[in-house]
Structure formats: C-alpha cells, structure tokens
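# A structural walkthrough
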Amino acid sequence: MRGRIHEAGGGVYRVRLEDHRDVEASLRGRLKRQQRTGSRVVIGDVVTLGTSGDAWTIESVEERSTELVRRGPGGRAPKLLAANLDKAFMVVAAKNPDVTVELIDRLLVLGEASGMQVILVINKLDALGAPDVEARFAPMYRTIGYEVLPVSAETGEGLELLGRRMCEGISTLIGPSGVGKSSLLNAINPELALRTGELSRKTRSGRHTTVSSRVISLACGGLVADTPGFGDVGLWGVAPEAVAGCFPEFADPCERCRFRRCTHVHEPDCGVRAALEAGGIFDSRYRSYLTARAEAEAAR
Ligand SMILES: Nc1nc2c(ncn2[C@@H]2O[C@H](COP(=O)(O)OP(=O)(O)OP(=O)(O)O)[C@@H](O)[C@H]2O)c(=O)[nH]1
Ligand SMILES: [Mg+2]
Ligand SMILES: [Zn+2]
C-alpha cells in the first residue's frame, strides 16, 4: 500500500493512503536507524506501507522530486523539512512587518534552491501605504518572470487567484512570522480555523504561532504543508557555485561569460555584469547575488 506522510512527530506518522484512508504508522527498524543518522522521513514523503499484526509500518521511502531544506547558521547541519512539494508561496507583508528586497530575494533563493515553483505573495494590501509597496516590488519581480500575487487576508482582495493556485497540487507558505500565512489559509479555507497571532505579542516572546509540521487538506483538494522554521530566513543556504542558478534572470547572460566557471564578481568579459551595465539586470538583484555568494562562501 502506498501513501503520503501528512503529519510527523514523536516517531509516529499520520499517512494518507491512496484509497484516502488516514492511518498511523511507525518506521521499520532500518528506516528508524537512518532517521538517527540524518536522512529523515518527512511530511510530503511518498512511502510504501506494510502491516505487522494490526499495526502499519513504513517500509520504504520513494525518491523525492523536491526537498525543502533549512540550513542552520554557522554550518549547522541542514534539516529536511518537507519533500515533494510542487509550489512555494513566498509570503511577505506590505507592512507590519515591513518588507525589503533583501528579504524577498532570500525567500526566492530558498525556493529556487528547493526545486519548487516559486510564487511571491504580498499580503496586507489593505494596510496604509501598501499600494506604494506593491508598486515598488511587484513590477520588478514580474519582469524577472515571477508570478506576484498582491493580496489581503483581511479584505479578501486577490484571494480568488491565490486560492486557485493553492488548490492545485501540494504547496507551502514560507515567510517571516507575522506576515499572515495562517490568516491567508484561514481566509481561503475557513474550516481550518488555524491560530493566528498578534504581531506585537509574538515579537515580544520571540515565539511563532505555528509550531507543528503537517500537511493540511483544503476543501478544494489542494494540499498545503505547514512547516514552521523559516522565521528569519537567516541563511541563503546554497553552495557558492549554485547561487547564480537561483537567479533565473542570470541564465541567459551567463551563456555569454568568457569563463565557464565565472563567479560574475571580478572576471573579464562577464555576461552577467555586461547585462547589469546595460540595464538588463536590476541593481538590487545583483547586490543580493553578491551578498548570497559571500555568505555561501563564508559558510563553506
Ligand atoms: N491588516 C492586515 N492584517 C493582517 C492580514 N493578514 C494577517 N494579518 C494580521 O497579522 C498578524 C499575523 O498573522 P498570522 O496569520 O498569525 O501570521 P503568520 O505568518 O501565520 O505567523 P507565524 O505563524 O508566527 O509564522 C495577525 O494579527 C493577523 O490578524 C491582512 O491582510 N491585513
Ligand atoms: Mg502561522
Ligand atoms: Zn560571469
């Protein structure tokens, strides 16, 4: 019997079987040992189950199409959070907390590195000054090729399209605490009644409202992985050589670099820097690239 891990915690897994039943299962001995050595079974994993007596056991894990990994600061071991997600909604707020290009670029790099399709969501469109924020960021990221969805969980603006995107396949919402991820899920699927928090209260205690890892089934058939752990998106978490590949607009200019292993920092005849000078690459994106690259080198 095949199934997908919908919830993981304390050595017990809730698995949605292909026939739509939900069962609890534990790991077979060999997988349990691997769990300790680092290759974990996570939500989103597709597994094969067997039974021993009337208990379900997870026998094997299928190859993953994507991996959502959080890399720890200072070279701490990377942690796999979820597998086989199709889409990542990178959520920022137009205000409270305020958004910067650095934050957006960090989120986009994280998404690109995971192999997922990345969609940028700008929430709290109802906030004072939000239209200016939208005008500053949305056109730039659309030019690069990203889908940008300005929304408000409060007024419902833009939620029809976000809901449609969320109802296809498995996705996840990633973004700092307080941007409104749980509020958006509640607005799209009110039966969920997820806990949402007051920004001020959370900031003071430094705690996140969402703490457990699980897959949520939307009424429309979509699945959403709810994973805490990207509170500050501190690290870019990518190998130095892989950073340029996380900036989609660098792909064509890269073809024109004289050196195959060009870092686009100091080499002569660099296609990326030529594109930057010609206005084909945004200054802020190139700055984010340099920051990401430097951090990746430092973390090596
Ligand atoms: N004005 C406004 N406030 C919003 C909107 N969406 C969410 N909020 C408020 O922002 C605060 C944080 O919302 P949450 O949904 O808890 O944020 P979260 O991203 O799930 O936060 P964590 O679970 O801590 O990661 C709450 O007080 C919400 O009421 C919106 O569209 N407009
Ligand atoms: Mg939340
Ligand atoms: Zn180059």
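Residues numbered from 1 in each chain as written. Chains lettered and ligands numbered in written order. Predicted model: local features only at pLDDT ≥ 70, side-chain atom pairs only at ≥ 80, totals over all residues. Heavy atoms only, no water.

Another point: the overall build of the protein chain. Looking only at helices and strands, the protein chain features nine helices and 13 strands. For the protein chain, buried positions account for 46% of its 300 residues. In the protein chain, 62% of the contacts between residues at least 6 apart in sequence involve partners at least 24 apart. Surface exposure of the protein chain reaches about 14,800 Å², of which carbon and sulfur atoms provide 49%. (Helix = DSSP H or I, 4+ residues; strand = E, 2+ residues; numbered from the N terminus. Buried < 20%, exposed > 50% of the residue type's maximum accessible area, 1.4 Å probe, protein only. Contact = heavy atoms within 4.5 Å. Areas by Shrake-Rupley, 256 points an atom, 1.4 Å probe, with all protein chains shown as cover.)

Around the zinc ion (ligand 3), the donor atoms from the protein are Cys-257 (SG), Cys-262 (SG), His-264 (ND1) and Cys-270 (SG), and they sit 2.1 to 2.4 Å away. Between the four donor atoms coordinating the zinc ion (ligand 3), the angles at the centre fall across 101 to 115°, so the site counts as tetrahedral. Using a relative accessible area of 9% as the deciding quantity, one classes Cys-262 as buried. (Donors = N, O, S within 2.8 Å, 3.2 Å for Na, K, Ca; no water. Tetrahedral: all angles 85-135°; square planar, octahedral: opposite > 155°, others 65-115°.)

Take the packing of aromatic side chains next. On inspection of all chains with the given rule, the structure shows four aromatic pairs. Ring centres of Phe-247 and Phe-250 lie 5.1 Å apart, and the angle between their planes is 25°; on these two criteria the pair is classed as stacked. The class of Phe-247 is buried, set by a relative accessible area of 1%. Taking the centre distance of 5.3 Å and the plane angle of 65° together, the rings of Phe-250 and Tyr-289 count as edge-to-face. Residue Phe-250 is located in the loop between strand S13 (223-226) and helix H7 (251-254), and its partner Tyr-289 is located in helix H9 (residues 283-299); the two are separated by 39 residues in the primary sequence. We classify Tyr-289 as buried; its relative accessible area is 0%. Every member of this aromatic cluster is reached through a ring pair, and the members are Phe-247, Phe-250, Tyr-286 and Tyr-289. (Phe/Tyr/Trp six-rings, centres within 6.5 Å; stacked < 30°, edge-to-face > 60°.)

This structure, assessed with the given rule, holds one disulfide. A sulfur-sulfur separation of 1.9 Å characterises the disulfide bridge that pairs Cys-167 with Cys-220. The disulfide joining Cys-167 to Cys-220 has a torsion of about -90° about its S-S bond and is therefore left-handed. On the criterion of sequence distance, the pair formed by Cys-167 in the loop between helix H4 (159-166) and strand S11 (170-174) and Cys-220 in the loop between strand S12 (214-217) and S13 is long-range, its members being 53 residues apart. This cysteine, Cys-254, is not joined by any disulfide, and Cys-257 carries the nearest cysteine sulfur, 5.0 Å off. (Disulfide = S-S within 2.5 Å.)

Attention now goes to the pairing of strand S10 (residues 147-150). Strand direction decides the pairing type here: strand S9 (residues 117-123) and S10, joined by four bridges, are parallel. Residue pairing in the sheet places Ile-119 in a bridge with Glu-147 of S10. Between the parallel pair S9 and S10, the chain is carried across by helix H3 (residues 130-144), and the sense of this crossover is right-handed. (Pairing = 2+ DSSP bridges. Right-handed = clockwise from strand over helix to strand, strands pointing away.)

In this structure, Tyr-141 sits in helix H3. Note: C-alpha distance between Tyr-141 and Ile-119 (22 residues apart in sequence) is 10.0 Å. Aside from chain neighbours lying at most four places away, what touches Tyr-141 is Val-101, Ile-104, Asp-105, Leu-108, Leu-120, Tyr-146, Val-148 and Arg-285.

This part is about the packing of H4 against helix H5 (residues 181-188). Here H4 crosses H5 at 90°, and the two axes come no closer than 10 Å. The angle between H4 and H5 falls in the class roughly perpendicular. Touching Leu-159, Leu-162, Gly-163 and Met-166 of H4 are Leu-184, Leu-185, Ala-187 and Ile-188, all from H5. (Axes fitted to C-alpha atoms, helices over the stretch in contact; angles between N-to-C directions. Parallel < 35°, antiparallel > 145°, perpendicular 65-115°, else oblique.)

A few words now on the side chain of Asp-105. Relative to the helices and strands, Asp-105 is located in helix H2 (residues 101-114). Asp-105 gets classed as buried once you look at its relative accessible area, which sits at 0%. Of the polar contacts made by the side chain of Asp-105, one reaches the side chain of Ser-288; its length is 2.6 Å. (Polar contact = N/O pair within 3.5 Å; in protein donor to acceptor, adjacent residues only side chain to side chain.)

Here the focus is the environment of Gln-35. Position of Gln-35 relative to the elements: it lies in helix H1 (residues 29-37). In sequence terms Gln-35 and Gly-11 are 24 residues apart; their C-alpha atoms lie 9.7 Å from each other. Filtering out sequence-adjacent residues up to four positions away, Gln-35 remains in contact with Tyr-13, Leu-27, Arg-40 and Val-41.

Our focus in this paragraph is H3. With 15 residues, H3 extends 21 Å from end C-alpha to end C-alpha; this agrees with the ideal 21 Å at 1.5 Å per step. Those residues of H3 not exposed but buried are Ala-130, Val-133, Phe-137, Ala-138, Met-140, Tyr-141 and Ile-144. Among the structural elements, H2, S9, S10 and H9 are those in contact with the buried residues of H3. At the C-terminal side of H3, Gly-145 shows a positive phi close to 120°. (Expected span 1.5 Å × (residues − 1).)

Relative to the 20 Å expected for 14 residues at 1.5 Å per residue, H2 spans 20 Å between its end C-alpha atoms, a close match to the ideal helical length. For H2, a buried count of 11 out of 14 residues is recorded, marking the element as mostly surrounded by other parts of the structure. Among all positions of H2, only Val-101, Leu-103, Ile-104, Asp-105, Arg-106, Leu-107, Leu-108, Val-109, Leu-110, Gly-111 and Ser-114 are buried. A positive backbone phi angle near 90° is found at Gly-115, which sits one or two residues after H2.

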